[in-house]
Amino acid sequence: AVVSTQSGHYGRGVCKRIVLSGHPCKIHKRAAVIRYLFHNREDIAYFKPVQVRTKHGRRGHIKEALGTHGHCKITFDKPIQQSDTVLLPLYKRVFPKWHFEYF
């Protein structure tokens, strides 16, 4: 999805949205181990301050990385279900391409 502002100014903002998704593999009360969301420990450390959410509306924060293959422990506001999907929405600023025709 692409989000843009309504002004026609050349400095207007255009954002691309991408959503990373992962699945819980172990759940204990409000904490869960999530896999397939990241690929390595460096990614987990980089996105640690970002809030994650589930498809059922639960909000959570990344607590720590587990192992070297991208598994992480996330604490949620309420217990989640095994069938739930954890989402991490990301936005990237994209500059529009300007095409000029020279005569």
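So, a few notes on the structure that sits alongside this text.

What counts, and at which threshold
By convention here, each chain's residues receive numbers from 1 onward along its written sequence. Whole-chain, interface and lining totals are the exception, using all residues; otherwise, since this is a predicted model, local features are given only for residues with pLDDT of at least 70 and side-chain atom pairs are given and counted only at 80 or more. Side-chain figures throughout are based on the complete set of non-hydrogen atoms in the structure, without hydrogens or water. Think of it this way: any DSSP run of H or I at least four residues long counts as a helix, any run of E at least two long counts as a strand, and we number them from the N terminus. A patch consists of residues whose relative accessible area exceeds 30% and which take part in no salt bridge; residues with like charges are grouped when within 9 Å of each other, and nonpolar side chains (Val, Leu, Ile, Met, Phe, Trp, Tyr) when within 5 Å. All accessible-area figures derive from a Shrake-Rupley calculation using a 1.4 Å probe, and residue coverage is judged against the displayed protein chains alone. Salt bridges are defined as contacts in which a side-chain nitrogen from Lys or Arg sits within 4 Å of a carboxyl oxygen from Asp or Glu. The set of buried Ala, Val, Leu, Ile, Met, Phe, Trp, Tyr and Cys residues whose side-chain atoms join them within 4.5 Å is what this entry labels a nonpolar core. Whether a residue is buried, partly exposed or exposed follows from its accessible area with a 1.4 Å probe, protein chains only, as a fraction of its type maximum: under 20%, in between, or over 50%, in that order. The criterion used for residue contact is that any of the two residues' heavy atoms lie within 4.5 Å. Nitrogen and oxygen atoms within 3.5 Å of one another constitute a polar contact, given that in protein one can donate a hydrogen and the other can accept it, and given that sequence-neighbouring residues count only through two side-chain atoms.

A positive phi angle is found at Lys 29, which is not glycine, with a value near 55°. Structurally, Lys 29 is set in the loop between strand S2 (14-28) and strand S3 (31-35).

Take a nonpolar patch on the surface next. A cluster of nonpolar side chains, contributed by Trp 98, Phe 100 and Tyr 102, occupies part of the molecular surface with about 490 Å² of accessible area. Tracing the chain through its elements places Tyr 102 in the segment after strand S7 (86-94).

The next subject is the nonpolar core. With 16 residues, the main nonpolar core has Phe 38 and Ile 74 as its most contacted residues. When residues of this core are traced back to their parent elements, those giving at least two are S3, strand S5 (59-66), strand S6 (71-76) and S7. Residue contacts for Phe 38: discarding those within four places in its chain leaves Leu 20, Asp 43, Ile 44, Phe 47, Ile 62, His 69, Gly 70, Cys 72 and Leu 88.

Relative to the elements of secondary structure, Gln 82 occurs in the loop between S6 and S7. Here Gln 82 falls in the partly exposed class, since its relative accessible area comes to 48%. Between the alpha carbons of Gln 82 and Ala 32 there is a distance of 9.5 Å; along the sequence they are 50 residues apart. The residues touching Gln 82, leaving out its near neighbours within four places in the chain, are Pro 24, Cys 25 and Ile 27. A polar atom in the side chain of Gln 82 sits 2.9 Å from the backbone oxygen of Pro 24.

Take it as geometry only, folks, not as evidence of what the structure does.
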